[in-house]
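Structural overview
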Amino acid sequence: MNARLTRRPLSVLIKPTSSRCNLNCGYCFYLRKAELYPWADHPTMSLDTFEAFIRQYVEGFLPPYGFNWQGGEPTMMGLDFYQGVVDLQQQIWREATSGHRPVFTNSIQTNGTLLNDDWARFFTQNRWLVGVSIDGPPELHNDQRVDWSERPTHDRVMDGVEFLRSRGVEFNVLVVVNSSNVDHPEEVLRYLVKQGFDNLQFIPCAEPLPGHPFIDDIRSASPGTITPQQYGEFLKKLFDAWGGIGIDKVRLRGFDNLIQMLWGQPPEMCELAIECGYVVLEHNGDCYPCDFFVEPEWLLGNVNETPLGEMISGEKFATFSGMKSQLHDQCADCEWLTLCRGECPRYRITNEGHADGALPYFCPSFKMFFGSKYGRLEQLAESAGRQLGFPVPAGRLSAEQRTSNRLPRLTPREAVRAQGASATAVAPTLDKSVGRNEPCPCGSGKKFKRCHG
């Protein structure tokens, strides 16, 4: 492994069961990966494969080390597997740092239907952040999110949520904006807030039918797909409803990211970043640069055969990382470019069949939203920033001016306040009480201010 080329942080998403799932959601694009990793082979990650990966991860990349477990449905692996994961993490970190406090974080995205008290206890004891998929009230959620017998799942999901609450598990809610709920943004938000959910993320559904390289009209779109016009209206109404409830009472990750960007801070979400690319680890050790690109042509290698550092420093990963910067000519003159950055390359392919030089499928949606709500978004960024003591410029400024106004590097406490309550769960091991001149808890030997401060 060429450590000189790979000594940097790296985000990781792990698919321990590949696309295997106990549900049959109408819009799920990942179920199709059964063609690549057949369910008949019972795709299941072994602890040996995970150990091979984590050793290369720790040896070749900088902390913090974040493991994001997804599927399919990752809880189908069972608790024994994840206890083995935690044991391996602790063992390998002790070996690597002579006993220093670990900087591993774990999060898991689940449909919630298999959760019980044992799962909740495990998440609490090991400080895992949990994401639960809920698409709104029962009549909207159950339209798409059903099991293989076409039975509704909303009640089972909410039962799982109660187990999490009973153990004080930190969790958030992921909403897929699909054809069933796209016309009901206020209803969805009010319902979720009424249930006590205060950390939400909304992602839009757009996927061409198998055999269609892109969506040229709704007849070539998969079930659940929404139109750009629908999503633009959804964003506008959701934003207004959020403001009506109070932006300090509920975190909407997409809008929070936009406010951070207007402070001059980088976004958390990869689709809003200048570059994208992380590592998806499939059950058998295969690695890909993105969840949307688990496709044969984007296979980086297998950790049991090719060192992880070699994959990340290789030509294919570099090509993928640079794909996002290949923008459409219209983007250069767009006043919203520094807030959207050409969005996710997958949505460009969805729109035109290729990523280089293409407009994303939801480009009209963002133009609708920013054209209508930028002034209010700017006001919120200014007022919230000043409450936090950030030197945010006053008055009407363009998106380019605001995003280029770099704030001083935030302290850990400021970062937690800026990113919302969930930040403490995303990075639980970076203790905010550590002094600037004390050793960094990651075990690097550097002062905190020179490392993860």
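Everything that follows concerns the structure shown earlier in this document.
Within the secondary structure, Arg 145 sits in the loop between helix H5 (138–144) and helix H6 (154–166). With no salt bridge to any partner, buried Arg 145 finds its closest opposite charge in Asp 135, at an N-O distance of 4.5 Å. In this structure the side chain of Arg 145 is engaged in a polar contact, spanning 2.8 Å, whose partner is the side chain of Tyr 27. When near neighbours in sequence (up to four residues on either side) are disregarded, Arg 145 contacts Leu 23, Cys 25, Tyr 27, Asn 111, Ser 133, Asp 135, Pro 152 and Thr 153.

Between its first and last C-alpha atoms helix H2 (residues 47–60) spans 20 Å; for 14 residues at 1.5 Å apiece the expected length is 20 Å, and the two agree. Of the positions making up H2, those classed as buried are Thr 49, Phe 50, Phe 53, Ile 54, Gln 56, Tyr 57, Val 58 and Gly 60.

Moving on to the packing of aromatic side chains. Applying the stated rule across the entire model yields 44 aromatic pairs. An angle of 85 degrees between the planes, with centres 4.9 Å apart, marks the rings of Tyr 361 and Phe 362 as edge-to-face. In this structure, Tyr 361 and Phe 362 share a single accessibility class: buried. Residue placement shows Lys 15 over the ring face of Tyr 30; its charged tip is 3.8 Å from the ring centre.

Now for the environment of His 154. Along the chain, His 154 falls in helix H6. Note: C-alpha distance between His 154 and Asn 111 (43 residues apart in sequence) is 9.7 Å. Not counting residues within four places of it along the chain, the set of residues in contact with His 154 comprises Ile 134, Gly 136, Pro 137, Pro 138, His 141, Asn 142 and Tyr 191. At 3.0 Å, the side chain of His 154 forms a polar contact with the side chain of Tyr 191.

With that settled, consider unusual backbone geometry. Omega for the bond connecting Pro 63 with Pro 64 falls within 30 degrees of zero, at 5 degrees, which places this linkage in the cis form. As for its placement among the helices and strands, Pro 64 is situated in the loop between H2 and strand S2 (65–69). With omega at 10 degrees, the peptide bond leading from Gly 71 into Gly 72 counts as cis. Relative to the assigned elements, Gly 72 resides in the loop between S2 and helix H3 (79–97). Its identity is not glycine, yet Ser 18 carries a phi of approximately 55 degrees, on the positive side. Mapped onto the fold, Ser 18 is located in the loop between strand S1 (11–15) and H2.

Strand order in this open sheet of 10 strands is S7-S6-S5-S4-S3-S2-S1-S8-S9-S10, and the pairing throughout is mixed. Where the open sheet ends on each side, the last strands, each with one partner, are strand S7 (251–252) and strand S10 (301–302). As defined by bridge partners, strand S4 (residues 129–133) adjoins strand S5 (residues 171–177) across four bridges and the pair is classed as parallel. Bridging from a neighbouring strand, Gly 131 pairs with Asn 172 of S5.

Definitions and cut-offs
Residues numbered from 1 in each chain as written. Predicted model: local features only at pLDDT ≥ 70, side-chain atom pairs only at ≥ 80, totals over all residues. Heavy atoms only, no water. Helix = DSSP H or I, 4+ residues; strand = E, 2+ residues; numbered from the N terminus. Buried < 20%, exposed > 50% of the residue type's maximum accessible area, 1.4 Å probe, protein only. Lys, Arg positive; Asp, Glu negative; His and termini not counted. Salt bridge = Lys/Arg side-chain N within 4 Å of Asp/Glu carboxyl O. Polar contact = N/O pair within 3.5 Å; in protein donor to acceptor, adjacent residues only side chain to side chain. Contact = heavy atoms within 4.5 Å. Expected span 1.5 Å × (residues − 1). Phe/Tyr/Trp six-rings, centres within 6.5 Å; stacked < 30°, edge-to-face > 60°. Lys NZ or Arg CZ within 6 Å of the ring centre and 35° of its normal. Pairing = 2+ DSSP bridges.

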